Structure formats: structure tokens, C-alpha cells
Amino acid sequence: MAYLNCWNHYCHHDTVVGFICGIKKMKTNHEIICGDCIEELKKIKDNSVDLIVTDPPFNIGKKYGKYKDSLKKEEYIQWCEFWLKECVRVLKEGGALYLFNYPENNAYLVPFLDRNLNFKRWMTWHYPVNTGMSPTNFTRSQHSILFYIKGKKSRVFNKKEIAEPYRNPSDKRIKALVANGSNGKTPYDVFHFNIVKNVSKDKTSHPCQIPVPLLEIFIKASSKRGDVILDPFGGSFSTAVAAKKHGRHSISIELNREFCDIGRERLSKISTLNEFVR
């Protein structure tokens, strides 16, 4: 494991109790590192992380505490490349990176990622909105998600874990696929999930919160039980929550101590019953 021991690190251990369907007891570790992502990433060993899923600041003036979310465009892209370089270093061969951002930011990061990783897909999270309508522009209702892997071959892609029902199950070709063991189709590259609204029971004080069910898709697809999931921008700690729900370890880095406390609280409340589901 790539975990570190330091006064500003919190590690939550979760033991699965029981022995069902031949699955042994297991313990997942969820480390919260309160500190600057670039400095803390440097302390993690090379090739030690199985999957990275992250939603960094978008440089749109959000209030994150210590971090200034209003850099000049060139400074912001350079800053992203600094921490992405460390992400590439700590990611295992065949490991995956899922990077959330606005399309106009991710477009500038593609050249850097193309030089260091292998492009798989540009995906979209579409969320319907009732506010923020612009009188002079089309209303924003999407984030882009860049999917890359380290090396030429994915170490894992669990199609069966994320399969969706076929849309035309009566088609002869689909019936043949089902007869041969297929449990559904691979999801399309546009994901429709509502934003986490202020009235949601899961909403935290963090200004930008990704829905856990969306993150679960990527974690189930690109990791295995017991793998280490890294999120350099812990934020609301939804990535760590999704990791714990599915029997993965997690490392989350977060600069704001208030948000680190949110992570501790959320992780302490997560049930792990579905870790028994194959």
C-alpha cells in the first residue's frame, strides 16, 4: 500500500464482517491527507495506485478556502500539468485516469495527457438544470470526463459490472448475445445524472459535489476489489465513498481541513453490505 503516516493524515479502516458466497473477510483503508495535492502526491510511491478519479477546481472562482480558484488561464493549465505529472507517476501500468472538468479546460489538458498516457474516450456528464440560464449564451449542462490509461492495455475493464439493459431485447441478435451469457450493453459515453442539489440528504458544504452513482460506474469498471483508488482533490469525498461501498481502498488529498472533516464523517457512515455482491 502507498499509505503514509503523518500527523495530518487520517486513516479510516473498515472490516467487512461475515463470510458469504466464499468471500473472505476483508479490510479497506481510506486515507485522508490534509495538504497540498502536489506536495503530497510527491510522497506517494511510483506505480502504486490502481485508479485515479478526480474532480479538480475548474478555475471559475469557487470558494474552496485556502485555494485561489481564479488563476490566469496559462497558470491554471500549468498547475494542472504539475499535479497530473505526479498522477502519471504514481499510477500503475494499465491503470486508468478519469478527469472531470469543463470541456474548455480539458481541451487544453489533452495534449499533455496524450504525451503521457493512452487516450480511451472523451465522455460527458449531462445534468439538467433549472437555474443559471444565460440570456446571451446556451445554458451549460455538462462536464467532460477524460478517460485515459497508462500504457497500451487496461489492467481491468469490468464490462459485466457496469452493463446496462439492452434497448431492443426482442432483436434476434440481442437474444443470441443474452443466450451466450451477455448481461447487457456497455454504457454509452454520455451519462445522465442530476446534480447533487442543496435539498439532497447527501449534500455537503462543498461547492462542487459529484453524484456517487456516477463515480461508482468508473470505479466498478476500472478497478477490482482491494484496489487502491486515488483522488488528489478529495472535496466532498464522493470518490472515497464510492470506493468504500465497493470494497476498494482509497487515498484522498484535500487542502481544506473542513472538507477533510466532511470526508471522515461520510466514510464513517457508509455501509459495505454490497461488498458481498459478486
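Residues numbered from 1 in each chain as written. Predicted model: local features only at pLDDT ≥ 70, side-chain atom pairs only at ≥ 80, totals over all residues. Heavy atoms only, no water.

This part takes up the side chain of E254. Note on placement: E254 falls in strand β9 (residues 249–254). Apart from the residues lying within four places of it in its own chain, the contact partners of E254 are I33, C34, G35, F233, G234, G235, F237, F259 and C260. (Helix = DSSP H or I, 4+ residues; strand = E, 2+ residues; numbered from the N terminus. Contact = heavy atoms within 4.5 Å.)

A few words on helix α2 (residues 73–90). Between its terminal C-alpha atoms α2 stretches 26 Å, which fits the 26 Å expected from 18 residues at 1.5 Å a residue. Taken together, the buried positions of α2 are Y76, I77, W79, C80, W83, L84, E86, C87, V88 and V90. Those residues of α2 hidden inside the fold are in contact with α1 (37–41), β3 (49–54), β4 (91–101), α3 (103–116) and β8 (228–231). (Expected span 1.5 Å × (residues − 1). Buried < 20%, exposed > 50% of the residue type's maximum accessible area, 1.4 Å probe, protein only.)

Counting residues in hydrophobic clusters, the biggest one holds 32 residues, and the most contacted among them are I52, W79, W83, L84, L113 and L230. Broken down by secondary-structure element, the contributors of at least two residues to this core are α1, β3, α2, β4, α3, β6 (142–149), β8 and β9. Per-element accounting of this core gives the leading share, 9 residues, to α2. Among residues more than four places away in sequence, those in contact with I52 are C87, V90, L91, A96, L97, Y98, L230 and P232. Of all hydrophobic cores here, the second largest spans 28 residues; its members include F191, I210, L215 and I270. (Core = buried A, V, L, I, M, F, W, Y, C linked by side-chain atoms within 4.5 Å.)

A full pass over the atoms with the stated rule returns 13 salt bridges. Within this structure, D50, K92, R155 and D227 form a network of salt bridges that share partners. (Salt bridge = Lys/Arg side-chain N within 4 Å of Asp/Glu carboxyl O.)

To continue, consider unusual backbone geometry. Peptide bonds are mostly trans, and most non-glycine residues show a negative phi. Positive phi values are uncommon outside glycine, yet N47 reaches one of about 50°. Position of N47 relative to the elements: it lies in the loop between α1 and β3. On the basis of relative accessibility, which here comes to 42%, the residue N47 falls in the partly exposed class. Its identity as a non-glycine residue notwithstanding, F237 has a phi of 65°, on the positive side. Locating F237 in the fold gives a position in the loop between β8 and α7 (238–245).

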